[in-house]
Amino acid sequence: MSPAVASASSGDRIRTYEDFVRVHAYLLAAAGIPPSLHRRLYRKLADEVFDGGEVFAVEPCEDGRQRRLVLTADQSLGKESDVFLVDHAWSFRLPDALKQLREVPGLAERMAALMCVDLDRKIEADEQDDDESGSLEHVSQVVEKERARVQERSDSTAWLELEELGIDDDMLVALDLSANFPNLVALNLWGNKLRDPEKVMQEIRKCTKLKALWLNENPVLGKSIDKAVFDGLSGLEIYNSHFTSKAGEWALGFCADIVGADNPCSSVESTLFGSIGTIDLSDRCIHKLPEVFSPSKLPSLSKLNIRGNPLDQISGDDLLKLFGGFTQLQELEVDIPGPLGNSAISILESLPNLSLLNGVDSSSIIESGKHIVDSALEPRLPEWSPEEPLAERVIGAMWLYLMTYRLADDEKIDETPVWYVMDELGSAMRHSDNANFRIAPFLFMPEGKLHTAISYTILWPTHDVHTGEECTRDFLFGIGEDKQRSARLTAWFRTPENYFIQEFRRYQEQLQSNSICSSTKIEETQTPSTKSVRSRDGRVLRVYTDIPHVEEFLTRPEFVLTTDPKEADIIWVSMQVDSEVKNAVGLTDQQYTNQFPFEACLVMKHHLAETVHKAWGSPEWLQPTYNLETHLSPLIGDYCVRKRDGMDNLWIMKPWNMARTIDTTVTGDLSAIIRLMETGPKICQKYIERPALFQGRKFDLRYIVLVRSIRPLEIFLSDVFWV
């Protein structure tokens with residue numbers, strides 16, 4: 001959200017509703033809180049009423065790695081019918097975040113639980129409470145139950161689920177699965193403790209009828225075990241959730257839910273394919289679709305998901321022709337850009353029978369003219385390693401939860417923004433483009449002055465919400481595509497990397513093609529010689545200034561001060577002298593000023609980067625640099641390429657026009673890079689990972705430089721400088 005700015009008031013303590021409205025008028029308007037809720041908000045603020053717990057409930061989702069907020073009230077909640085206070089569980093300035101997490105008792109534990117990055121510790125505690133888990137006796141009981149189930153069926157085909165049971169190499173050998181399940185077609189060993197490739201393959205190779213094998217999240221995984229699996233199991237169609245080159249009817253039947261743990265079989269009757277309406281082939285690493293995937297074999301197919309597959313052994317045109325043969329196909333989910341091309345509109349033109357593309361109505365896509373469409377983006381969930389302390393985990397996850405505002409009074413705006421995390425209720429609200437709630441930060445000043453302010457977040461319904469319905473908010477409220485909305489959603493969701501990589505490469509090509517200095521020979525005559533400011537007749541030069549030091553110390557006889565800027569030869573002022581000021585005051589181009597024309601091209605960071613890019617394209621001596629206000633998509637593409645290729649990915653964000661590292665951050669977290677845009681316009685530049693150091697420290701030398709002449713170049717340095 002955009003920073004909320006609070007204006008201090010000189011009023012007395014808030015005693016009535018009228019006082020509240022008078023003191024907080026600007027804040028109420030900035031937050032967008034409906035006037036019909038102002039009185040109710042005042043009462044809850046004055047009495048500190050936190051009644052959200054009586055109306056909402058927080059539920060786990062995404063396998064416990066995320067939470068969502070659900071309306072549990074007995075009655076539905078009408079649009080703008082109520083307002084709720086959300087407390088701030090943690091507020092901080094960015095440089096203090098890690099220190100607070102390490103030093104404030106209980107803070108890291110609460111934030112880790114709120115952000116769902118303590119799951120492994122909970123699992124460890126649960127495992128300690130269960131003495132049987134991970135023992136051969138316990139696993140043998142699970143296997144025996146499954147063997148009894150197989151014997152009850154007329155078909156002896158077996159499907160064995162042994163995930164996360166703590167099975168190690170010796171236990172796998174002791175289980176003797178091939179003897180107990182001679183017709184084993186699928187074996188799930190996900191999340192166990194298998195380490196020795198030889199022992200694992202010794203047992204798995206005996207299971208000659210395996211069609212599917214899952215060894216995900218086992219220490220044994222690697223190139224050697226992969227090769228041994230493919231060499232030793234000639235009929236394997238699914239390995240670690242991915243299709244193998246042998247994938248056919250069985251693998252397709254698994255993705256269509258006609259084969260599974262409840263219905264294991266070694267082969268699929270072709271007659272069953274005629275009734276299949278939905279197939280989910282997402283994230284199967286498919287390079288070429290099985291031959292059985294055809295309109296003649298699947299005449300009833302109406303819904304297909306092929307996300308996350310390269311499909312690079314068949315052309316996009318041939319794929320579109322194949323899909324066009326499925327006359328009943330109405331819903332398609334596919335990466336854009338991806339195997340079917342770069343444009344949602346061109347896909348719809350080739351497949352006119354589609355009613356939904358990536359969950360979005362086809363007619364609305366055509367009306368909006370959008371080429372990149374996706375309504376089911378996968379959330380960007382926190383990642384951490386088991387040995388990572390809670391404080392560091394929170395630092396990595398917090399950008400998915402943070403909010404920000406910036407304080408102000410009558411004199412100035414705070415240079416450093418405040419970041420905060422809402423309490424468990426507020427933080428559980430997930431994103432929706434069509435959100436049913438809205439939130440806004442709000443500072444309540446009970447004494448009528450800013451230093452007494454208490455920060456809250458205000459929550460209210462913007463649509464009618466029914467019991468059991470999820471309560472959502474728009475993470476980018478008020479931010480449209482003109483402000484790079486789709487790219488900014490990358491902070492919270494896994495957006496299509498291919499699209500951003502293409503934008504990055506297109507931007508690189510554009511920089512090179514627009515380079516002035518690399519494509520044009522600059523004649524020396526274009527640079528005029530420097531002329532003296534002194535007049536030929538030797539008369540005294542009149543100086544107009546608003547700087548006390550100049551008035552006091554400019555005592556040389558060649559100069560005289562004047563109070564009329566129009567009659568001055570030299571204008572030496574602290575204010576910006578632009579064309580508007582010149583016209584208003586009556587200044588001419590024959591008068592000298594102490595400012596370079598268009599000096600913003602050099603002194604403001606984003607203009608300096610643009611100047612270099614226009615002149616030189618992308619020179620080796622300039623680190624990759626992006627204006628986040630206009631070139632976020634190419635930056636994301638650059639980041640993705642570096643991550644894919646294992647390159648250094650540390651970046652520095654700098655405000656356009658601030659000094660002394662104010663609001664400057666160094667990070668390798670893509671979500672952080674995008675979220676930091678919220679505290680003001682910034683450039684993002686690749687951090688120099690191997691800088692010049694003095695005794696192991698970064699340094700700079702700051703000089704005052706007087707440029708006397710450009711041609712010939714003549715400069716003077718003051719003997720007062722800073723290190």
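This one's a predicted model, so the numbers in the text were calculated from it and none came from an experiment.

(A) Representation of the overall build of the chain within the structure. Across its full length, the chain holds 27 helices and 33 strands. Across its three principal directions, the C-alpha atoms of the chain cover 115 × 75 × 60 Å. Residues counted as buried form 43% of the 723 residues belonging to the chain. For the chain, long-range pairs separated by at least 24 residues make up 67% of all intrachain contacts whose partners lie at least 6 apart in sequence.

(B) Structural context of the confidence of the model for the chain. Chain-level statistics for the chain give a pLDDT mean of 90 and a share of 93% at 70 or above. A low-confidence stretch, residues 1-5 (pLDDT under 50), is modelled with 21 contacts involving residues beyond four sequence positions or located in other chains.

(C) How the structure looks around the pattern of salt bridges. By the definition in use, this model includes 39 salt bridges. Glu237 serves as the salt-bridge partner of Lys211, at 3.6 Å between the closest nitrogen and oxygen. In this pair, Lys211 sits in the loop between helix H10 (197-204) and strand E8 (212-214) while Glu237 sits in the loop between helix H11 (223-232) and strand E9 (238-239), placing the two residues 26 residues apart along the sequence. You'll find Lys211 and Glu237 in the same group, each marked buried.

(D) Up close: the domain arrangement of the chain. Segmenting the chain into domains produces domain 1 (17-118 + 391-477), domain 2 (136-247) and domain 3 (269-381). Each of domain 1 and domain 3 has a C-alpha centre, and the two are 40 Å apart.

(E) Looking closely at the packing of helix H20 (residues 497-513) against helix H26 (residues 632-644). The N-to-C vectors of H20 and H26 enclose an angle of 110°; their axes lie 7 Å apart at closest approach. Taken together, the axes of H20 and H26 are roughly perpendicular relative to one another. Contacts between H20 and H26 involve Glu497, Tyr499, Phe500, Ile501, Glu503, Phe504, Arg505 and Tyr507 on the former and, on the latter, Ser633, Pro634, Ile636, Gly637, Asp638, Cys640, Val641 and Arg644. The class makeup of the residues in the contact of H20 with H26 is nine nonpolar, two polar and five charged.

(F) Layout of unusual backbone geometry. The omega torsion of the bond from Arg711 to Pro712 falls at 0°, within 30 degrees of zero and hence cis. Structurally, Pro712 is set in the loop between strand E32 (705-709) and strand E33 (714-717). With a phi close to 55°, Asp63 is a non-glycine residue in the positive phi region. By the element assignment, Asp63 lies in the loop between strand E2 (56-61) and strand E3 (66-71).

(G) Region of the structure containing the pairing of E2. As paired strands, E2 and E3 are joined by six bridges and run antiparallel to one another. Looking at E3, one finds that Pro60 is bridged to Arg67. If you look at the hairpin formed by E2 and E3, you'll find four residues sitting between the two strands, and Glu62 has a positive phi there, around 50°.

(H) Structural detail: the packing of aromatic side chains. Taken as a whole, this structure holds 24 aromatic pairs when the rule is applied. Both rings, one in Phe56 and one in Phe84, keep their centres 5.1 Å apart while their planes meet at 75°; by these two values the pair is edge-to-face. With a gap of 28 residues between them, Phe56 in strand E2 and Phe84 in strand E4 (residues 84-86) connect regions that are remote in the sequence. An identical accessibility class is assigned to Phe56 and Phe84; each is buried. Every member of this aromatic cluster is reached through a ring pair, and the members are Tyr17, Phe20, Tyr42, Phe442 and Phe444. Over the face of the ring belonging to Tyr17 we find Arg39, whose NZ or CZ atom lies 4.0 Å from the ring centre.

(I) How the structure looks around the packing of H10 against H11. Contact pair H10 / H11: the axes reach a minimum separation of 10 Å and the direction vectors enclose 20°. When the axis of H10 is compared with that of H11, the two are roughly parallel. Here H10 runs over H11; the crossing is right-handed. Only Ser224, Ile225, Ala228 and Val229 of H11 make contact with H10, whose side of the interface consists of Pro197, Val200 and Met201. Of the residues in the contact of H10 with H11, the class split is six nonpolar, one polar and no charged.

(J) Representation of the sheet that holds strand E29 (residues 651-655). Taken together, four strands build an open sheet; the order of strands is E28-E31-E29-E30 and the sheet is antiparallel. Of all strands in the sheet, those with a lone pairing partner are strand E28 (625-627) and strand E30 (665-667), marking the two edges. With strand direction ignored, the average angle separating the axes of adjacent strands in the sheet is 20°. In this sheet, strand E31 (residues 682-686) lies alongside E29 in antiparallel orientation, the contact comprising five bridges. Directly across from Met653, in E31, lies its bridge partner Cys684.

(K) Structural view of the side chain of Gln66. Residue position: Gln66 is located in strand E3. Only 3.1 Å separates the side chain of Gln66 from the side chain of Arg430, close enough to count as a polar contact. With sequence-adjacent residues up to four places away left out, Gln66 is seen in contact with Glu59, Pro60, Cys61, Cys116, Pro379, Leu381 and Arg430.

(L) Here's a closer look at the sheet that holds strand E20 (residues 437-444). Read across the sheet, three strands follow the order E4-E21-E20 without closing on themselves; strand pairing throughout is antiparallel. On the outer flanks of this sheet lie E4 and E20, each paired with one strand and no other. Adjacent strand axes in the sheet meet at a mean angle of 35° when their direction is disregarded. With three bridges connecting them, E4 and strand E21 (residues 454-461) associate as antiparallel partners. In the strand pairing of E21, Leu85 is matched with Ile458. Along the sheet, helix H3 (residues 38-47) contacts E4, E20 and E21; its crossing angle with E4, the most-contacted strand, is approximately 45°.

(M) The nonpolar core, seen in detail. Counting 54 residues, the largest nonpolar core has Trp90, Met111 and Met115 as the members making the most contacts within it. No other element matches the six residues that H26 contributes to this core. Sequence-distant contacts of Met111, that is, excluding residues within four places in its chain, are made with Ala89, Trp90, Leu101, Val394 and Val421. In this structure, Leu301, Ile306, Ile345 and Leu351 belong to the second largest nonpolar core, which totals 48 residues.

(N) Inspection of the side chain of Ser362 at higher detail. Examined against the element boundaries, Ser362 turns out to sit in helix H16 (residues 362-368). Here Ser362 is in contact with Leu348, Leu354, Ser355, Leu356 and Leu357, once residues within four sequence places are set aside.

(O) Structural context of the pairing of strand E18 (residues 418-422). For E18, the buried fraction is high: five of the five residues fall into the buried class. Burial along E18 is two-sided: the residues Val418, Tyr420 and Met422 and Trp419 and Val421 are all buried. Where strand E5 (residues 88-92) and E18 come together, four bridges link them in antiparallel fashion. In the strand pairing of E18, Trp90 is matched with Val421. Bridging between strand E17 (residues 403-407) and E18 involves three bridges; their strand directions are antiparallel. In the sheet register, Met403 faces E18, and the bridge partner there is Tyr420.

(P) Local environment of H3. Residues of H3 that are buried: His38, Leu41, Tyr42, Lys44 and Leu45. At the C-terminal side of H3, Glu48 shows a positive phi close to 55°.

About the cut-offs
Residues numbered from 1 in each chain as written. Predicted model: local features only at pLDDT ≥ 70, side-chain atom pairs only at ≥ 80, totals over all residues. Heavy atoms only, no water. Helix = DSSP H or I, 4+ residues; strand = E, 2+ residues; numbered from the N terminus. Buried < 20%, exposed > 50% of the residue type's maximum accessible area, 1.4 Å probe, protein only. Contact = heavy atoms within 4.5 Å. pLDDT = per-residue confidence, 0-100. Salt bridge = Lys/Arg side-chain N within 4 Å of Asp/Glu carboxyl O. Domains from an automatic or database assignment. Axes fitted to C-alpha atoms, helices over the stretch in contact; angles between N-to-C directions. Parallel < 35°, antiparallel > 145°, perpendicular 65-115°, else oblique. Nonpolar A, V, L, I, M, F, W, Y, C, P; charged D, E, K, R; others polar. Pairing = 2+ DSSP bridges. Phe/Tyr/Trp six-rings, centres within 6.5 Å; stacked < 30°, edge-to-face > 60°. Lys NZ or Arg CZ within 6 Å of the ring centre and 35° of its normal. Left-handed = near helix turned anticlockwise from the far one by under 90°. Polar contact = N/O pair within 3.5 Å; in protein donor to acceptor, adjacent residues only side chain to side chain. Core = buried A, V, L, I, M, F, W, Y, C linked by side-chain atoms within 4.5 Å.

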